[in-house]
Amino acid sequence: MNLVDKTNKKFALTTPLYYVNDVPHVGSAYTTMAADVVARFHRLLGDEVLLITGTDEHGQKIQRSAESLGKAPQEFCDEIVPSFISLWQLLNIQYDRFSRTTAPRHAIIVAEFFQRLWESGDIYLGQQKGWYCVSCEEFKEERELLEGHRCPIHTNKEVEWRDEQNYFFRLSKYQIQLEELYKSQPDFIQPESRRNEVLSFISQGLQDFSISRVNLDWGFPVPVDPQHTLYVWFDALLAYVTALLEPDAEATLANAIKTWWPINLHLIGKDILRFHAISWPAMLFSAGLPLPERLFVHGFLTKDGQKMGKSQGNTLDPIRLVESYGSDAVRYYFLKEIEFGRDGDFNEVRFINVLNADLANDLGNLLNRTLNMVKKYCADDGLTITKEGINNENPLKVIGLGLGDKVKQAYQTLAFNQACEATLMLVRTSNKFIDEQAPWSLYKQGKQQEVETVLYAVLESVRLAAYLLSPVIPNISNAIYQQLGFGIDFNDQINTAMLAPFATHAQWGILSSEQSLGKPQPVFKRIEIPKND
Ligand code: MSP
């Protein structure tokens, strides 16, 4: 019997499930924006998409955060979760499932999964000794630690010594299977630098890891020994599976994996690589389940070149950013300015400069002045020309014809910056083209056909740019499409996939003479650099 029944047109992807020890930070926003862009892109291709996000609510870190405020952990989590949901709304994230690890149905899936591993003989009781970082919720090797037993990631936190009985998962048993996986599926971990990191780590030999804790209440009890609480990472990874359950389906593993498993893409940050690239596939091997298709690992964000953190006093509040500049601006900056997979920096002046240059000037002004020229120079405020009237040497047509495929490939490889750059190239060339062709002079010379040729080529290029950028800046793309006379709403993905599928709208030459062009209105207002006084 086929356990999973997934078609090629289905695409499931995940963000990490965020810890609720605090309100969301810009790192969580970063992965979620990227995931939303991938999801929107796949919907344009006509795929059925399931975007999963959610929260990771168990473990010592959350328990301590709750205690420090004198709250019960569940009450504390329930208070924090809405701040994630409202940030995703502000950022225009279209997720399909929000998976909370404290959901009762998740407990059932975890118990069933545990049972499978237990029956495979992969869980045993042992003694755990080692240094534990509560912020990472992870044991660290002595050699990884900084001076004064500090965590290499949470550099201001000391790790804690543990010597206790725990249940272990037999990770070492899967050494060879994992090596074979990375070899036979070289794209399983991307980018390559991260794959190499994993290869080098496992070449030292894998050790079993503990999957239970004692002296901790906040979590699910170990099914075979309720004195123990399941390790937070064991339950968290499984919430990707629980998320696949249809809302009204009975919580069974078989139901969960029926339609959407295996997941096509896990997006994660570099600090949680080992859990996803090593522990997770091994757990799935043990449970006899197919593996996810691919992991993509992004870098860390800094602010003004400095590591961000509360103790450093330089956190970047994503809510303030969106409230000040709007969702498209924030999405655009992080996806266009930072190569996905590498570390990147946020600097507010650069942020403003990029938005003004690309969105207000290059894209917005171009549309505005071109539409105004149509009003001024063309009869009935419309163009009579169509793509057939544009010769093949036209520089915008030359770029435009190959752009859809190029951008498609960039999105598929998660090279968001390249997708934006390639599109902006067309926009910049259009600005140059209109300046060089000077339709205002052509008009004075009575060359009506040529005026319209120039204006058509430019407007069509702006349209194509809006379409290709719509996964990143859907609201601006909407405004552009509306002014060009299309009744398309890029936030209504189902209709967009039908009315403006990628196969046609990512081509150059869609604009037609029947198009009734709208009133020119700025699509992105220039931002003034705040004065520091
Ligand atoms: N709860 C785990 C994930 C479990 S997934 C089954 C977790 N949560 S987290 O909230 O601490 O981190 C979530 C994500 O934010 C991680 O991918 C992490 O890499 C990312 N980031 C945390 N700080 C970041 C930056 N400064 N920059 C970019 N991403 C960062 O880990």
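Just so you know, these numbers come straight off a predicted model, no measurement behind them.

Cut-off values and rules
- Each chain has its residues counted from 1, following the order in which its sequence is written.
- In keeping with the model being predicted, local features are shown solely for residues with a pLDDT of at least 70 and side-chain atom pairs are shown and tallied solely at 80 or more, while totals for entire chains, interfaces and linings include all residues.
- Excluding hydrogens and water, the side-chain values take into account all heavy atoms of the structure.
- Strand pairing is assigned whenever DSSP detects at least two bridges linking the two strands.
- Elements are defined by DSSP. Helices are runs of H or I of four residues or more, strands are runs of E of two residues or more, and each kind is numbered from the N terminus.
- What makes two residues a contact is simply this: any of their non-hydrogen atoms within 4.5 Å.
- The convention used is that axes are lines fitted to C-alpha atoms, helices contributing only their stretch in contact, and that angles between N-to-C directions extend from 0 to 180 degrees.
- Roughly parallel means an angle under 35 degrees; roughly antiparallel means over 145; roughly perpendicular covers 65 to 115; every other angle is labelled oblique.
- In this count, Pro and Cys sit with the nonpolar residues alongside Ala, Val, Leu, Ile, Met, Phe, Trp and Tyr, while Asp, Glu, Lys and Arg are called charged and the others, Gly among them, polar.
- Here the term buried applies to any residue with accessible area under 20% of the maximum for its type, exposed to any over 50%, and partly exposed to those in between, with areas from a 1.4 Å probe on protein chains only.
- Whether a crossover is right-handed comes down to one check: with the strands pointing away from the viewer, does the path from the first strand over the helix to the second run clockwise; if it does, it is right-handed.
- Whether a residue is near a molecule or strand depends on its heavy atoms: it is near if one of them lies within 4 Å of it.
- Counting of polar contacts relies on pairs of N or O atoms within 3.5 Å, with two restrictions inside protein: one atom must be capable of donating a hydrogen and the other of accepting it, and residues adjacent in sequence are counted only when both atoms are side-chain atoms.
- Areas reported as accessible are Shrake-Rupley estimates using a 1.4 Å probe. Residue values count occlusion only from the protein chains shown.

Q: Sorry, what's going on with the sheet that holds strand 13 (residues 294-298) here?
A: Within a sheet, each strand pairs with its neighbour through backbone hydrogen bonds, oriented either parallel or antiparallel. Spatial strand order, 3-2-1-12-13-7: six strands in an open sheet with parallel pairing. Two strands bound the open sheet, and with one partner strand each, they are strand 3 (97-100) and strand 7 (189-190). Pairing of strand 12 (residues 265-269) with strand 13, which is carried by five bridges, proceeds in the parallel orientation. Counted as the bridge partner of Ile268 is Val297 from strand 13. Sheet strands touched by helix 9 (residues 273-287): strand 7, strand 12 and strand 13. Its angle to strand 12, the strand with the most contacts, is close to 140°.

Q: Would you mind showing me how to read the packing of helix 7 (residues 232-242) against helix 9 here?
A: Axis separation between helix 7 and helix 9 bottoms out at 11 Å; the angle between their running directions is 80°. When the axes of helix 7 and helix 9 are compared, the pair comes out roughly perpendicular. Residue-level contacts link Trp233, Phe234, Leu237, Leu238, Tyr240 and Val241 of helix 7 to Phe275, His276, Trp280 and Met283 of helix 9. Here the contact of helix 7 with helix 9 is built from residues that sort into nine nonpolar, one polar and no charged.

Q: Where do I start with the pairing of strand 12 in this structure?
A: A regular strand places its side chains on the two faces of the sheet in alternate fashion. The buried count for strand 12 comes to five of five residues, which makes it a mostly enclosed element. Burial along strand 12 is two-sided: Leu265, Leu267 and Gly269 and His266 and Ile268, pointing in opposite directions, are all buried. After leaving strand 12, the chain enters helix 9 and then returns to the sheet as strand 13, a path that is right-handed.

Q: Explain the site of the ligand here, please?
A: The local shell around the ligand holds 20 residues, among which Leu17, Asp56, Gly269, Asp271 and Leu301 are the closest. Contact between the ligand and Asp56: a nitrogen atom at 2.7 Å from a side-chain N or O atom of the residue. Between the ligand and Leu301, the relevant distance is 2.8 Å, taken from a nitrogen atom to a main-chain nitrogen or oxygen of the residue. Protein contacts shield 91% of the accessible area of the ligand, which totals 670 Å² for the unbound molecule. Where the shell around the ligand is concerned, the elements lending two or more residues are strand 1 (10-19), helix 7 and strand 12. Looking at the shell around the ligand, its residues break down into twelve nonpolar, six polar and two charged.

Q: Teacher, can you tell me more about unusual backbone geometry here?
A: The phi torsion of most residues other than glycine is negative, and most of the peptide bonds are trans. Pro191 follows Gln190 through a cis peptide bond whose omega is -5°. At the junction of Trp261 and Pro262, the peptide bond is cis and its omega measures out at 0° in the coordinates. Positionally, Pro262 belongs in the loop between helix 8 (253-257) and strand 12. Positive phi values are uncommon outside glycine, yet His149 reaches one of about 55°. Relative to the helices and strands, His149 is located in the loop between strand 5 (138-140) and strand 6 (160-169). Judged by its relative accessible area of 30%, His149 is partly exposed. Notably, Ala438 is not glycine yet its phi reads approximately 45°, a positive angle. Position of Ala438 relative to the elements: it lies in the loop between helix 14 (416-437) and helix 15 (439-444). Ala438 gets classed as buried once you look at its relative accessible area, which sits at 12%.

This is a description of form; function is not addressed.
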